[in-house]
Amino acid sequence: MILGAVRCDWRQQTAEEYFQTKDDTKFHLIHAVHVLYNVEDHDSILRNMWEQLADGGYMFVVMQSDKGGWGGLRHNLWEKFGQGDRLKTWFRTSDDVNQCLDRRGISYVTSVDEMNINVSECVKEDSEAGELLLDFLTHTPYVSSEPEIKATALEYIRGNSSSVDGKIFFNAFDELILSSKTFTKQ
Ligand SMILES: C[S@@+](CC[C@H](N)C(=O)[O-])C[C@H]1O[C@@H](n2cnc3c(N)ncnc32)[C@H](O)[C@@H]1O
């Protein structure tokens, strides 16, 4: 890959901070790979990303797919324990992004990428690695101190996993969402 002509401007700031600067630079590629769970308002970040895309540029977003186990786990936990507006939380999935694009009339193509996660440690008693992985998968620090959440998550994970060579793999899928801004006619 030839990157010699690419000028890099490294910034350590959130998407919200960046878009607040009202920078009118246009980009040929803007991506958010497993990032839109963390922003305050994914809809407004997507709008800003799209506005700063140059004509002919590409916007690329990756999120956990609703069709996969990890997206399903988010919905399952939210149904049982969530409070308030799910869309304002980490419990977002690829369908939430697709709906934002649909509302704006932005067309896109998607593909699904299988990304099975080895959760063998999660089902072992007293495995520190398993506890940390479960914290990560449930987005719940010290999930062991929340027995109901832990039991619900483990039940869901067991029901959506496959066993291969004595290891247990949670069937997660990434959804890759690609939009292109068509060229403006001269
Ligand atoms: C799950 S990681 C994904 C990192 C990388 N894109 C990848 O796929 O390996 C989530 C990333 O989102 C970043 N992040 C969290 N909140 C953010 C925000 N408000 N704006 C932009 N990035 C944010 C974190 O710093 C972290 O690097």
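What counts, and at which threshold
- Residues numbered from 1 in each chain as written.
- Predicted model: local features only at pLDDT ≥ 70, side-chain atom pairs only at ≥ 80, totals over all residues.
- Heavy atoms only, no water.
- Pairing = 2+ DSSP bridges.
- Helix = DSSP H or I, 4+ residues; strand = E, 2+ residues; numbered from the N terminus.
- Salt bridge = Lys/Arg side-chain N within 4 Å of Asp/Glu carboxyl O.
- Buried < 20%, exposed > 50% of the residue type's maximum accessible area, 1.4 Å probe, protein only.
- Contact = heavy atoms within 4.5 Å.
- Axes fitted to C-alpha atoms, helices over the stretch in contact; angles between N-to-C directions.
- Parallel < 35°, antiparallel > 145°, perpendicular 65-115°, else oblique.
- Left-handed = near helix turned anticlockwise from the far one by under 90°.
- Nonpolar A, V, L, I, M, F, W, Y, C, P; charged D, E, K, R; others polar.
- Domains from an automatic or database assignment.
- Buried area = accessible area lost by both parts, 1.4 Å probe.
- 1 Å grid on protein atoms, 1.4 Å probe; cavity = no way out; pocket = protein on both sides within 12 Å on 5 of 7 lines; lining within 4 Å.
- Points joined across faces, edges and corners; volume = space filled by probe spheres on them.

- The chain carries the name Histamine N-methyltransferase-like in an unreviewed UniProt entry, which gives Branchiostoma floridae as its organism.

**Topic: the sheet that holds strand S6 (residues 167-170)**
Either a parallel or an antiparallel arrangement is found when strands of a sheet pair, and the pairing is made through backbone hydrogen bonds.
Here is step 1 of the chain: If you walk across this open sheet you meet the 3 strands as S4-S6-S5, and the pairing is antiparallel. Each edge of the sheet is formed by a strand with only one pairing partner; in this case those strands are strand S4 (117-118) and strand S5 (161-164).
Here is step 2 of the chain: When S4 meets S6, the two strands line up antiparallel, connected through 2 bridges. Bridging from a neighbouring strand, Ile117 pairs with Phe170 of S6.

**Concerning the pattern of salt bridges**
Here is step 1 of the chain: Applying the stated criterion to the full structure yields 10 salt bridges.
Here is step 2 of the chain: For Asp43, the salt bridge goes to Arg103, with nearest N and O atoms at 3.7 Å. Here Asp43 is found in helix H2 (residues 42-51), whereas its partner Arg103 is found in helix H4 (residues 94-104), with 60 residues between them in sequence.
Here is step 3 of the chain: Look at Arg103 and you get exposed, because its relative accessible area is 59%.

**Some details on the environment of Ala172**
Here is step 1 of the chain: Considering the arrangement of structural elements, one finds Ala172 in the loop between S6 and strand S7 (173-180).
Here is step 2 of the chain: Look at Ala172 and you get buried, because its relative accessible area is 0%.
Here is step 3 of the chain: Sequence spacing of Ala172 and Glu125 is 47 residues, and the spatial spacing of their C-alpha atoms is 23 Å.
Here is step 4 of the chain: Excluding residues that lie within four positions of it along the chain, Ala172 makes contacts with Gln64, Gly69, Trp70, Asp113, Glu114, Met115, Asn116 and Ile117.

**Things to note about the sheet that holds S7**
Here is step 1 of the chain: Taken in spatial order, the 4 strands make up an open sheet running S1-S2-S7-S3, and their pairing is mixed. The open sheet terminates on both sides in strands that have one partner only, identified here as strand S1 (27-33) and strand S3 (109-114). Taken pair by pair, the neighbouring strands of this sheet meet at an average axis angle of 15 degrees, ignoring direction.
Here is step 2 of the chain: Note that S3 and S7 share 6 bridges and pair antiparallel. Bridge pairing in S7 places Asp113 opposite Asp174.

**Some remarks on the packing of H2 against H4**
Here is step 1 of the chain: H4 packs onto H2 with a crossing angle of 55 degrees between their chain directions and a minimal axis gap of 10 Å. It follows from the interaxial angle that H2 and H4 lie oblique. Read as a crossing pair, H2 and H4 show a hand that is right-handed. Along its contact with H2, which presents His42, Asp43, Leu46 and Arg47, the element H4 presents Asp96, Val97, Cys100, Arg103 and Arg104.
Here is step 2 of the chain: Considering only residue class, the contact of H2 with H4 consists of 3 nonpolar, 1 polar and 5 charged.

**Brief notes about the domain arrangement of the chain**
Here is step 1 of the chain: Segmentation of the chain into domains returns domain 1 (27-114 + 172-186) and domain 2 (117-170).
Here is step 2 of the chain: Each of domain 1 and domain 2 was reduced to a C-alpha centroid, and the two centroids are 26 Å apart.
Here is step 3 of the chain: Three residues stand out in domain 1 for area buried against domain 2, namely Trp70, Leu73 and Phe81, and they jointly supply 46% of the buried area on that side.
Here is step 4 of the chain: Connecting domain 1 to domain 2 are 0 salt bridges.
Here is step 5 of the chain: Grouping the amino acids of the side of domain 1 that touches domain 2 by side-chain chemistry returns 7 nonpolar, 3 polar and 1 charged.

**With respect to the layout of surface pockets**
Here is step 1 of the chain: Taken as a whole, the largest pocket holds about 1200 Å³ of empty space.
Here is step 2 of the chain: Taken together, 26 residues line the largest pocket, and the ones lying closest to its centre are Asp9, Phe27, Leu29, Ile30 and His31.
Here is step 3 of the chain: Elements represented by at least two residues in the lining of the largest pocket include exactly helix H1 (15-20), S1 and H2.
Here is step 4 of the chain: The element that contributes the greatest number of residues to the lining of the largest pocket is S1, accounting for 7 residues.
Here is step 5 of the chain: A breakdown of the residues in the lining of the largest pocket according to their chemical character gives 15 nonpolar, 6 polar and 5 charged.
Here is step 6 of the chain: Along the wall of the second largest pocket there are 14 residues; nearest its centre are Phe19, Gln20, Lys22, Arg47 and Asn48.
Here is step 7 of the chain: Listed by contribution, the elements that provide at least two residues to the lining of the second largest pocket are H1 and H2.
Here is step 8 of the chain: Per element, the largest residue contribution to the lining of the second largest pocket is 5 residues, and it comes from H2.

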